[in-house]
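Residue-level structure breakdown
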Amino acid sequence: MKAGIYIAAAAVGLCVGGAVVVYGWYRKKKAHRRANADTVEARFLTAWTEALSDDARLFNGLYSGLYRVTSGTVKRPEKILREWCQRTHYRWENEAVDMLCQEHLVPLIEAVDENALTKWASLLLDAASTAGIMRESAEKLVLTDRNTADYVEWDGNDLYSEDEIEIITPAWYQNGKLLEQGQCRKVSVEAY
């Protein structure tokens, strides 16, 4: 009888001890995954900030799309990020930014995981911001000689200095220089 009690106690001890070991292993693995995710995101931001500092024009036409992905106003976010990854691959095949796209974005594009794509699009916009890329924040503007060429009028009208415009799609700038033209509609028309 005593032997049975000792065997049962040992089995319970092993069970509890094993559970503690498994729980410790699980917490360690979870912490490692979280640290690795932080590292991947940090590497992603660093690599993309550097790439966009030098070659922001390569992605002309996609900044507004990225913004729409992050704001949830685009129907197919995977199309915009697929184009982003394709341009990346053609320019930097097998380099850091291409590998990051292939590893983290392409599987999400293929799975059409909109929530995850929104997260990575947001990281790309953070990198763009750090690289000096900003979008026009005004909703209406009075054009000047400096920004008349920054917009295309939606209805095909010519734009002149002193025209008041309503911005449909904001222009994007890098360190104060035009990067991506915006679209607008004239609010007022000056007689010339």
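Everything below is about the structure shown above.
One structure accompanies this document, and this report is about it. Because the structure is a prediction, the values reported are computed rather than measured.

1. A closer look at unusual backbone geometry
With a phi close to 50°, V112 is a non-glycine residue in the positive phi region. Positionally, V112 belongs in the loop between α4 (96-111) and α5 (114-130). Judged by relative accessible area, which is 41%, V112 ranks as partly exposed. With a phi angle near 50°, N175 is a residue other than glycine that sits in the positive phi range. Position of N175 among the secondary structure elements: in the loop between β5 (172-174) and β6 (177-180).

2. Brief notes about α4
Given a rise of 1.5 Å per residue, 16 residues ought to cover 22 Å, and the 23 Å separating the end C-alpha atoms of α4 matches this to within 8%. Along α4, the helix axis deviates most sharply at L105, where the bend reaches about 40°; the proline P107 sits within four residues downstream. Backbone geometry just after α4 places V112 at a positive phi near 50°.

3. Regarding the nonpolar core
As a rule of thumb, nonpolar side chains are buried together in soluble globular proteins. Ranked by size, the top nonpolar core spans 38 residues in total, and within it W48, L52, Y63 and W84 carry the most contacts. Elements with a minimum of two residues in this core: α1 (2-55), α2 (63-71), α3 (77-92), α4 and α5. In terms of residue count, α5 provides more of this core than any other element does, nine residues in total. Among all residues touching L52, those that are not within four sequence positions of it are F59, Y63, W84, L124, A127, A128, A131, I133 and Q174. Listed in part, the nine residues of the second largest apolar core include L141, L143, L159 and I167.

4. Let's talk about the packing of aromatic side chains
Across all of its chains, the model carries nine aromatic pairs by this definition. Look at W48 and F59: their rings are 5.6 Å apart centre to centre, the planes differ by 70°, and that puts the pair in the edge-to-face class. A residue pair is termed long-range when its members are at least 10 positions apart, and W48 in helix α1 and F59 in the loop between α1 and α2 qualify at 11 residues. Residue W48 shares its accessibility class with F59, and that shared class is buried. An aromatic cluster is present here, built from F44, W48, F59, Y63, W84, W92, W120 and W172 joined pairwise through their rings. If you follow R135 out to its NZ or CZ, it ends over the ring of Y67, 3.8 Å from the centre.

5. Quick word on the sheet that holds strand β1 (residues 133-135)
In space, the three strands of this open sheet follow the order β1-β5-β6, with antiparallel pairing throughout. Pairing within the sheet leaves two strands with one partner each, and these edge strands are β1 and β6. Pairwise comparison of adjacent strand axes, ignoring direction, gives a mean angle of 40° for this sheet. Of the strand pairs in this sheet, β1 and β5 are connected by three bridges, and their pairing is antiparallel. Residue pairing for β5: I133 is matched across the bridge by Q174.

6. Thoughts on the side chain of E180
One can find E180 in strand β6. Engagement of the side chain of E180 in a polar contact is seen with the side chain of S64, the distance being 3.1 Å.

7. Re the pairing of β6
Pairing analysis gives three bridges linking β5 to β6, with the strands arranged antiparallel. What sits directly across from W172, in β6, is E180. Counting the residues between successive antiparallel strands, the hairpin from β5 to β6 contains two residues, one of them, N175, with a positive phi of roughly 50°.

8. Quick notes on the environment of L100
Within the secondary structure layout, L100 lies in helix α4. Classification of L100 by relative accessible area gives buried; the value is 6%. For L100 and W48, which are 52 residues apart along the polypeptide, the C-alpha to C-alpha distance reads 9.4 Å. With residues near it in sequence (within four places) discarded, L100 still touches R43, F44, A47 and L105.

What counts, and at which threshold
- Residues numbered from 1 in each chain as written.
- Predicted model: local features only at pLDDT ≥ 70, side-chain atom pairs only at ≥ 80, totals over all residues.
- Heavy atoms only, no water.
- Helix = DSSP H or I, 4+ residues; strand = E, 2+ residues; numbered from the N terminus.
- Buried < 20%, exposed > 50% of the residue type's maximum accessible area, 1.4 Å probe, protein only.
- Expected span 1.5 Å × (residues − 1).
- Bend = angle between axes of the 7 residues up to and from the residue.
- Core = buried A, V, L, I, M, F, W, Y, C linked by side-chain atoms within 4.5 Å.
- Contact = heavy atoms within 4.5 Å.
- Phe/Tyr/Trp six-rings, centres within 6.5 Å; stacked < 30°, edge-to-face > 60°.
- Lys NZ or Arg CZ within 6 Å of the ring centre and 35° of its normal.
- Pairing = 2+ DSSP bridges.
- Axes fitted to C-alpha atoms, helices over the stretch in contact; angles between N-to-C directions.
- Polar contact = N/O pair within 3.5 Å; in protein donor to acceptor, adjacent residues only side chain to side chain.

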